[in-house]
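Per-entry structural report
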Amino acid sequence: MPILARTRLATSSLVLVLLVLLTRPALSFSPPPIPLNWTAVLPCASDTPARVLTNVRTHTLANNTPAACIALCATSPSPTEYTYAGVEYADECHCGTGLTSSPPPQAAPAAECDMPCAGDADLACGGPWRIQIYKSPALPPGSWSLQGCFLDTPLQPAFSSPTHHSFPTNLDLVSQCIAYCQHAGLPWAGVEDAQDCQCSRSGYATGGARRVDEGECNSTCPLPPGAGSQYCGGLQRLMVYEYGG
């Protein structure tokens, strides 16, 4: 074949390949489930080597998805709780305490977050230097105040729609419970019978809660060594605390 003809054929093939690439439909992903009342802050943003999440800790997850990353960040021990999570480059999970302010994260086209999650190819997990960012509903740092001791029975609950949670240990249960409720964005917390932590978004049950003498919240749970113990509600008695901002 003449050299000129071969050159034209190669050029035509290259043009055809480029046309296929340019006209190929973009990858389509299912909306990711977002657990624990977290919300999407930036569906796709530009990341940098310095990172756009503050106090960031990066994990490589073989099962990475937005939900798996959020669950990890929500439970990771940290001096200051992680309230942001981001997925990037398919298997990267980033946990942070905030967003950089100078400069703030820059939104990127959603189509640039086009890498399938390592844990679920039907979901997107960012891309090269592209991150999907999620935020917890955590309340800002603030004070909590004791509201008293309240009757809490199946027929007469103290809280409206309470969320119950138990911890591996009841050491300093009040602080554990308050921290858990604050991280979940729920401004009411209560401890019962030295083991049960309850949180509520709206506080007292419809019609009000029945207050009882604080002496009925007489179950104790330990404080750190040398600090003694504390009262942690009682049998069907809930010690209630309210967030004050």
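Refer to the structure above for everything that follows.
Residues numbered from 1 in each chain as written. Predicted model: local features only at pLDDT ≥ 70, side-chain atom pairs only at ≥ 80, totals over all residues. Heavy atoms only, no water.

In terms of regular secondary structure, the protein is built from three helices and 18 strands. Taken across its 245 residues, the protein has 39% of its residues classed as buried. Long-range pairs, those at least 24 residues apart, make up 72% of the contacts in the protein with a sequence separation of at least 6. Entry remark: accessible area of the protein is about 13,300 Å², with carbon and sulfur atoms responsible for 59%. (Helix = DSSP H or I, 4+ residues; strand = E, 2+ residues; numbered from the N terminus. Buried < 20%, exposed > 50% of the residue type's maximum accessible area, 1.4 Å probe, protein only. Contact = heavy atoms within 4.5 Å. Areas by Shrake-Rupley, 256 points an atom, 1.4 Å probe, with all protein chains shown as cover.)

What follows is about the state of the cysteines. Across all of its chains, the model carries eight disulfides by this definition. What pairs with Cys 181 in a disulfide is Cys 199, and their sulfur atoms sit 1.9 Å apart. Handedness of the Cys 181-Cys 199 disulfide follows from its S-S torsion of about -80°: it is left-handed. Placement of the pair is Cys 181 in helix α3 (residues 173–183) and Cys 199 in strand β14 (residues 196–200), with a sequence separation of 18 residues. Pair check on accessibility: Cys 181 and Cys 199 agree, each one buried. (Disulfide = S-S within 2.5 Å.)

Next up on the list: unusual backbone geometry. Here the residue pair Ser 102 and Pro 103 is connected by a cis peptide bond, since its omega of 0° sits within 30 degrees of zero. Residue placement: Pro 103 occurs in the loop between β6 (98–99) and β7 (106–107). For Asn 37, which is not glycine, the phi torsion reads 65° and is therefore positive. Assignment of secondary structure puts Asn 37 in the loop between α1 (3–23) and β1 (39–46). Judged by relative accessible area, which is 52%, Asn 37 ranks as exposed. With a phi angle near 50°, Asp 193 is a residue other than glycine that sits in the positive phi range.

Looking now at the side chain of Ser 160. With respect to the secondary-structure elements, Ser 160 resides in the loop between β11 (144–151) and β12 (163–165). We classify Ser 160 as buried; its relative accessible area is 18%. At 3.5 Å, the side chain of Ser 160 forms a polar contact with the side chain of Ser 202. (Polar contact = N/O pair within 3.5 Å; in protein donor to acceptor, adjacent residues only side chain to side chain.)

Here the focus is the environment of Ser 202. Looking at where Ser 202 falls in the secondary structure, it is placed in the loop between β14 and β15 (211–212). Ignoring any residue separated from it by four or fewer positions in sequence, one finds Ser 202 in contact with Ser 160 and Trp 188.

Once that is clear, we can look at α3. The set of residues buried in α3 consists of Leu 173, Val 174, Cys 177, Ile 178, Cys 181, Gln 182 and His 183. Note on α3: the residue one or two positions beyond its end, Gly 185, has a positive phi of about 75°.

A few words on the sheet that holds β14. With antiparallel pairing, six strands are arranged side by side in an open sheet as β12-β14-β13-β18-β11-β15. Across the chains shown, the open sheet's two edge strands, defined by having one partner strand only, are β12 and β15. Against the sheet, α3 engages β11, β12, β13 (188–192), β14 and β18 (237–243), with an angle of about 145° to β13. (Pairing = 2+ DSSP bridges. Axes fitted to C-alpha atoms, helices over the stretch in contact; angles between N-to-C directions.)

Below, the discussion takes up the side chain of Gln 182. Along the chain, Gln 182 falls in helix α3. From its side chain, Gln 182 meets the backbone oxygen of Pro 140 in a polar contact 3.1 Å long. Once you skip the residues sitting within four places of it in the chain, Gln 182 turns out to touch Ala 138, Leu 139, Pro 140, Pro 141, Gly 142, Trp 144 and Tyr 243.

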